[in-house]
Amino acid sequence: MDPTLVVQGLLNGFLFGGVYSLMAVGLTLIFGVMRVVNFAHGDMMVWGMYLAWLASTRLGVDPYLGFLGCAAALFALGFATQRVLVNRIIDAPHEMQILLMLGVALVLENAALVAFGPDPVRVRSPLTGVTVWLGPIFVDVARLVTFGVAIVLTLALYLFLTKTDLGMSMRAAADNSYGALVIGTDVRRVYAVAFGIGAACVGAAGALVSPILPFSPSGGLTASVAAFNIVIIGGMGSLVGAFVGGLLVSVAESLGAVFLAPSLKELVSFSLLVAHPPAAARRPLRQERRVRRARRGSPARSRSPRSSCCPCSSARMPSPCSSSSSSTPTSGRRGTSWAATRGSSRRATPPSSEWARMPRRCCRCTPGSRRGSACSSAARCPRASAS
């Protein structure tokens, strides 16, 4: 394999990753704020492409200048879609949301098919044929401009979410919609604006990619699948993860086209999805383990062996911790013996002879402690004090 060809594929994939990142950022914004999966995302991108084609053929506007108009038109479409349709099923089960968004995708695809026909088209731009040679490697100026605009738009979206009042209202509604309602936030309006911004992002991505790739009304499904692949790898609801995931998937597809075949480039990206455990799948597992520990009444283990006393994993077993470092365990209450507290309702710590007949669960207060031995820490066991 020629190293120049590999470097060229790596560079082309990295530059084209800006488009993937921008479309994935729009999808993850909609899901992160509303918890609605937009299955019409790819078809909205196709409409952004056709709007750029109309502006170029009828008005003579270059797509690298007219992408703002395409983004505004898609913002209006997304805002209206959320207000008229999605608002009605915002609290419905996910099955209803999926059916609605699939219906919207079918309507958009067939409307584009009726309006523009089934033949693939492509937008002409003066930047399409311009290249810059860096030794044996060339840089496509169209891809470079697309990457730069995608970076600027993603950064502007990040600043909007973190620095403006409306952006912070979106983050508040995404975190706790009921709390946002309590403080006076119009959650319905926030949802509509978030959906419109997500649609505007994918509309801008469609306008930017229209001079690079030919498109047709049936290309929405491919774009939707690629966007879902990216946001699953990067983590649903994470803007940074969506941006990095877009670059990663684009580079993987470009290198797959170099090493395998252009028709098998999606195989590499989906193999990446299978090989890399998605962040959205790892997070619920960690939360489920914490919930199970809380239901058992077992405190989470500390990373430092000296930071806490005796995280025993059995709720039925009294803690071997004591208030002193003597070899004979005493009860959790200082100055009270095992015999004095045997009949009380408070769980007390049995003497060492009793530990021999109990399940062997070692005290992990200090490294190297023996099973059934007393804790050498002077801190009282949180289990004994809680019980």
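The structure this text deals with has already been given above.
Residues numbered from 1 in each chain as written. Predicted model: local features only at pLDDT ≥ 70, side-chain atom pairs only at ≥ 80, totals over all residues. Heavy atoms only, no water.

Participant: Honestly, helix H4 (residues 94-116) in this entry has me stumped. Any pointers?
Facilitator: Because each turn of an α-helix spans 3.6 residues, side chains separated by three or four positions end up pointing in the same direction. Given a rise of 1.5 Å per residue, 23 residues ought to cover 33 Å, and the 33 Å separating the end C-alpha atoms of H4 matches this to within 8%. Within the span of H4, buried status applies to Gln97, Met101, Val104, Ala105, Leu108 and Ala112. One or two steps after H4, the chain reaches Gly117, where phi turns positive at roughly 85 degrees. (Helix = DSSP H or I, 4+ residues; strand = E, 2+ residues; numbered from the N terminus. Expected span 1.5 Å × (residues − 1). Buried < 20%, exposed > 50% of the residue type's maximum accessible area, 1.4 Å probe, protein only.)

Participant: Is there a simple way to think about the nonpolar core in this case?
Facilitator: The nonpolar side chains of a soluble globular protein tend to be buried with one another. Counting residues in each nonpolar core, the largest one holds 70 residues, and the members touching the most others are Met23, Met34, Met45 and Val86. Of the residues forming this core, the biggest block, 16 residues, is contributed by helix H8 (residues 187-209). Once residues lying within four places of it in the same chain are set aside, the contact partners of Met45 are Val19, Met23, Val202, Ala205, Gly206, Val209 and Ala223. Of all hydrophobic cores here, the second largest spans 5 residues; its members include Leu15, Val139, Phe147 and Phe243. (Core = buried A, V, L, I, M, F, W, Y, C linked by side-chain atoms within 4.5 Å. Contact = heavy atoms within 4.5 Å.)

Participant: Would you explain the pattern of salt bridges in this entry?
Facilitator: Using the criterion set out here, one finds 1 salt bridge in the structure. Between Arg143 and Asp140 there is a salt bridge; the shortest N-O distance is 3.7 Å. The pair formed by Arg143 and Asp140 is uniform in burial state, with each residue classed as buried. (Salt bridge = Lys/Arg side-chain N within 4 Å of Asp/Glu carboxyl O.)

Participant: Looking at this structure, I do not really get the pairing of strand E2 (residues 137-140). What am I missing?
Facilitator: Looking along a regular strand, one sees side chains alternate from face to face of the sheet. One ladder, built from 4 bridges, connects strand E1 (residues 131-134) with E2; its direction is antiparallel. Within the sheet, the bridge partner assigned to Leu134 lies in E2 and is Ile137. (Pairing = 2+ DSSP bridges.)

Participant: When you look at unusual backbone geometry in this model, what are you seeing that I'm missing?
Facilitator: The bulk of non-glycine residues show a negative phi, and the bulk of peptide bonds are trans. Phi at Arg35 takes a positive value of approximately 60 degrees, unusual for a residue other than glycine. Along the polypeptide, Arg35 turns up in the loop between helix H1 (3-34) and helix H2 (41-58).

Participant: Help me out: how do you make sense of the packing of aromatic side chains in this one?
Facilitator: The geometry of an aromatic ring pair comes down to the distance between the two centres and the angle between the two planes. In this structure the tally under the stated criterion is 10 aromatic pairs. Between the aromatic rings of Trp47 and Phe116, the centroid separation amounts to 5.7 Å while the plane-to-plane angle is 70 degrees, which identifies the pairing as edge-to-face. Highlighted residues: Trp47 in helix H2 and Phe116 in helix H4, separated in sequence by 69 residues. Relative to Phe79, the ring of Phe75 lies with its centre 6.1 Å away and its plane at 35 degrees, an arrangement referred to as tilted. Taken together, the positions of Phe75 and Phe79, both in helix H3 (residues 63-84) and 4 residues apart, correspond to about one turn of that helix. Its relative accessible area of 27% is what places Phe79 among the partly exposed residues. (Phe/Tyr/Trp six-rings, centres within 6.5 Å; stacked < 30°, edge-to-face > 60°.)

As far as function goes, none of this settles anything; it's purely spatial.
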